[in-house]
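Structural features, examined
Here's the letter readout for the chains.
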Amino acid sequence: MAQGLYLEEFEIGKEYISQGRTITEADVVNFAGISGDFNPLHMDEEFGRKGVFGKRIAHGALGFSISTGLSNQMGLFFGTTIAFIECTVKYTSPLLIGDTVHITIVPTSIKPSSKPGKGTLKQNLKLINQDGKTIMESSQVLLMKTKAERIPGI
């Protein structure tokens, strides 16, 4: 049963904010195992210490993956998302082990499909750390269910 928002229920320009989540050593190790990305930038403390950031950093893709989990936990998309269609991601700061991150989502447009019962939601998502620093920005397009067969006035 759908519990999330239907396409026409999203408010354009409204900022939706998730709860926080702390990035742990286990997150980095588990993500390396799943992805196969054992780059020393993420796995070797001595290598990281000598690098640009002065320490190891978490995988950028881990931050993106966590952002999808935080998005799901908000309940906005539960049972009403049909597909994740498109995404662009820009990493603006390193994600560090110990960072507590949350996301903001701002819907930018909705467009009904020519087929009844669905349409696209465009949104901007940001992954933000405990200091208010944006770690990642993402523009996304999702195919969503509509409550009405046709959405009038959009």
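Scroll up to find the structure.
No experiment lies behind these values; they were computed from the predicted model shown.

1. What about the pairing of strand S6 (residues 134-145)?
The side chains of a regular strand alternate between both faces of the sheet. Counting buried positions over the 12 residues of S6 gives 9, a clear majority of the element. Examined bridge by bridge, strand S3 (residues 81-91) and S6 share 9 bridges and lie antiparallel to one another. Note that in S6 the partner of Thr81 across the bridge is Met144. Across 11 bridges, the pairing between strand S5 (residues 118-128) and S6 is antiparallel.

2. Quick word on helix H1 (residues 25-35)
Among the residues making up H1, those that are buried are Asp27, Val28, Phe31 and Ala32. Across the axial projection of H1, the buried residues extend over an arc of 130°, all falling on one side. Tucked inside the fold, the buried residues of H1 contact strand S2 (21-22), helix H2 (40-43) and helix H4 (60-73). Once H1 finishes, Gly36 follows within two positions and takes phi at roughly 80°, a positive value.

3. So, the environment of Pro94
For Pro94, the location among the structural elements is in the loop between S3 and strand S4 (100-112). Put simply, Pro94 and Ile135 are 41 residues apart on the chain and 6.2 Å apart in space, counted from C-alpha to C-alpha. If we ignore the near neighbours within four places in the chain, the residues touching Pro94 are Phe53, Ile57, Asp99 and Ile135.

4. Quick notes on the packing of aromatic side chains
This model, assessed by the stated rule, comprises 3 aromatic pairs. Here the aromatic rings of Phe10 and Tyr16 are separated by 6.2 Å at their centres, their planes lie at 70°, and the arrangement is edge-to-face. Here a set of aromatic residues connected by ring pairs shows up, and it is made of Phe10, Tyr16 and Phe77.

5. Description of the pattern of salt bridges
The final tally for this structure, using the stated rule, is 7 salt bridges. With its nearest N and O atoms 3.8 Å apart, the salt bridge here joins Glu11 to Lys14. Looking at Lys14, the relative accessible area reads 35%, which means it is partly exposed. For Arg21, the salt bridge goes to Asp27, with nearest N and O atoms at 2.8 Å. Take Arg21: its relative accessible area is 29%, and that puts it in the partly exposed class. The structure contains a network of salt bridges with shared partners spanning Glu25, Glu45, Glu46, Arg49 and Arg56.

What counts, and where the lines are drawn
Residues numbered from 1 in each chain as written. Predicted model: local features only at pLDDT ≥ 70, side-chain atom pairs only at ≥ 80, totals over all residues. Heavy atoms only, no water. Buried < 20%, exposed > 50% of the residue type's maximum accessible area, 1.4 Å probe, protein only. Helix = DSSP H or I, 4+ residues; strand = E, 2+ residues; numbered from the N terminus. Pairing = 2+ DSSP bridges. Arc of directions from axis to C-beta. Contact = heavy atoms within 4.5 Å. Phe/Tyr/Trp six-rings, centres within 6.5 Å; stacked < 30°, edge-to-face > 60°. Salt bridge = Lys/Arg side-chain N within 4 Å of Asp/Glu carboxyl O.

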